[in-house]
Amino acid sequence: MSAKSANAMWGGRFSAGPDAIMEAINASIGFDKRLAPQDIAGSRAHAAMLAATGILTEEDAAAIDQGLTQVLAEIEAGDFTFSTALEDIHMNVEARLRELIGPSAGRLHTARSRNDQVAVDFRIWVRDQCDVAITGLEALMRAFLAQAEAGADWVMPGFTHLQTAQPVTWGHHMMAYVEMFARDRSRFADARARMNECPLGAAALAGTSFPIDRHMTAQTLGFDRPTANSLDSVSDRDFALEYLSAASICAMHLSRFAEELVIWSSAQFRFVRMSDRFSTGSSIMPQKRNPDAAELLRAKLGRIMGATVALLTIMKGLPLSYSKDMQEDKEQVFDAADTLALGLAAMEGMVSDLTANRAALEAAAASGFSTATDLADWLVRELNLPFRDAHHVTGSLVKLAEDKGCDLPDLTLAEMQKVHGEITEAVYAVLGVHNSVASRTSYGGTAPENVRAQIARWKEVLG
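Residues numbered from 1 in each chain as written. Predicted model: local features only at pLDDT ≥ 70, side-chain atom pairs only at ≥ 80, totals over all residues. Heavy atoms only, no water.

### Here we look at the overall build of the protein
Next up, step 1: The number of helices and strands found in the protein is 20 helices and 6 strands.
Next up, step 2: Rg of the C-alpha trace for the protein: 31 Å, well past the compact-globule value of 23 Å for 463 residues, more than 25% over.
Next up, step 3: Dimensions of the protein along its principal axes, counting C-alpha atoms only, are 100 × 55 × 40 Å.
Next up, step 4: The burial tally for the protein puts 48% of its 463 residues in the buried class.
Next up, step 5: Counted over contacts in the protein with a minimum sequence separation of 6, partners at least 24 positions apart contribute 74%.
Next up, step 6: If the 43 positive side-chain charges of the protein are averaged to one point and the 59 negative ones to another, these points end up 3 Å apart. (Helix = DSSP H or I, 4+ residues; strand = E, 2+ residues; numbered from the N terminus. Rg over C-alpha atoms; globule rule 2.2 N^0.38 Å. Buried < 20%, exposed > 50% of the residue type's maximum accessible area, 1.4 Å probe, protein only. Contact = heavy atoms within 4.5 Å. Lys, Arg positive; Asp, Glu negative; His and termini not counted. Charge placed at Lys NZ, Arg CZ, Asp CG, Glu CD.)

### A closer look at the side chain of D88
Next up, step 1: Relative to the helices and strands, D88 resides in the loop between α5 (58–77) and α6 (89–101).
Next up, step 2: The class of D88 is buried, set by a relative accessible area of 7%.

### Digging into helix α17 (residues 387–404)
Next up, step 1: When the terminal C-alpha atoms of α17 are compared, their 25 Å separation across 18 residues agrees well with the 26 Å that a helix rising 1.5 Å per residue should span.
Next up, step 2: Listing the buried residues of α17 in full gives A390, V393, T394, L397, V398 and A401. Each buried residue of α17 sits inside an arc of 145 degrees when the element is viewed along its axis, so together they form one side. Opposite its buried face, α17 presents the exposed residues R388, H392, E402 and D403, each directed more than 90 degrees away.
Next up, step 3: Next to the buried residues of α17 lie α16 (372–383) and α18 (413–419).
Next up, step 4: Immediately downstream of α17, the backbone of G405 shows phi near 75 degrees, a positive value. (Expected span 1.5 Å × (residues − 1). Arc of directions from axis to C-beta.)

### Points about the packing of aromatic side chains
Next up, step 1: All told, the structure shown has 15 aromatic pairs when counted by the stated rule.
Next up, step 2: A ring pair is formed by W125 and F334, whose centres lie 4.7 Å apart and whose planes are at 65 degrees; its orientation type is edge-to-face. Note that W125 is positioned in helix α7 (residues 114–150) and F334 in helix α14 (residues 330–353), a separation of 209 residues in sequence.
Next up, step 3: Residue F334 is classed as buried on the basis of its relative accessible area, which comes to 5%.
Next up, step 4: Both rings, one in F257 and one in W264, keep their centres 6.0 Å apart while their planes meet at 90 degrees; by these two values the pair is edge-to-face. Here the two residues F257 and W264 agree in accessibility, since each one is buried. (Phe/Tyr/Trp six-rings, centres within 6.5 Å; stacked < 30°, edge-to-face > 60°.)

### Remarks on unusual backbone geometry
Next up, step 1: Cis geometry marks the peptide bond from L320 to S321, where omega comes out at 5 degrees.
Next up, step 2: Among the structural elements, S321 can be located in the loop between α13 (302–315) and α14.
Next up, step 3: Positioned with a positive phi, H161 is a non-glycine residue whose angle comes to about 60 degrees.
Next up, step 4: The topology assignment puts H161 in the loop between β1 (155–160) and β2 (163–169).
Next up, step 5: A relative accessible area of 75% means that H161 is categorised as exposed.
Next up, step 6: Positive phi is not limited to glycine here, since R270 has a value of about 55 degrees.
Next up, step 7: The topology assignment puts R270 in the loop between α11 (238–264) and β5 (272–273).

### Focus on the nonpolar core
Next up, step 1: The biggest cluster of nonpolar side chains holds 101 residues, and the ones touching the most others in it are W170, F188, Y243, F257, L340, M347 and M350.
Next up, step 2: Leave out the neighbours within four places in its chain, and W170 touches Q147, G151, W154, M156, W264, V272, L354, A356 and L361.
Next up, step 3: Core analysis: the next-biggest nonpolar cluster, separate from the first, contains 21 residues, L375, L379, A390 and A401 among them. (Core = buried A, V, L, I, M, F, W, Y, C linked by side-chain atoms within 4.5 Å.)

See below:
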């Protein structure tokens, strides 16, 4: 069989045969070069510790540190040539270090393995992404706070099943997202605290016989402590999964508001107007104003959830400790982190630029018998009816209004009294949407005074 026909089975791209395929499937430098700053920080900390414990001479440690500093500068300047043949970021950095300082570079890998090296690199990177997410969330929360403050007493319909339920305030609706994103913020903070243990020094899987000081490297790299079990240290990717889990919940929250923006900006609702920065026109329909940014965000955020499932699937069948499968842990996390950072920034921009249509919100708040529950509550309070009886009377009044083609406040007192004779003129005080929202003063309720109190609380929290 000719070489040409033998290689045909591997496909045109891999004309060199199985070796090319193995290189392509084995190499991770195409994506893990993103870990260069973390890898070099970990190596510098490791070298300093080796010198402090007498494992490495001060001269070798100084040469290594100087060389690593130069490698990082070359990478940041775009002057570094990454090699697929060297597989990963660790070997690429070490090879360049050897070119710069000679054989001393080979001493850097004393008392460590690529297993604990990648574990610390990736953990530092994910830890940093928790900080990025928290910063983005706080900016977004401030944007929602500004919207809430501007419309703390504006009335709008509150929905269940996307059907008009009860009147609420615009401020209350905005503050609902502040609460959601605050929980996301706390999840990232919790995950960050839990992952802040340093795996460096676990070596391949069993630790090392060298007298290393893992507490020193942990402290140097900003960790609270070293990890306590070497097997777990190199096989754990919980930190990435926790980040992805928090990111997925956050993405879901972002997507829910993106969906509301799409609905609210439609001609049928006219609740909001998105700025020109986040809207586009149609190539054929000149009247169109499309909420493309919200739609794209709604779609992109699904990638984060997909990344979570992908990494769970990678990890679920792996025995302890390290398996090469775990090389596939990074691309999904990198993409998810990029998508989340973009999503938070885009949503913060959309919310900051958003203009609410107060008149349309108020008109919609008064439609759909939104004060029916207020009427039922009034019947309970004033006429001492059991709630189920009050519910029945209110339902009868709603049907009467439907048949007449009017809303509840438009029914005459005589018409109401035909349904229940003890209803008085005082009932009209609870049928207005402003009266309705003002009455909801229970903790967490929609009353404007509640909304303003929550705004003040969150402003103080965020500083």
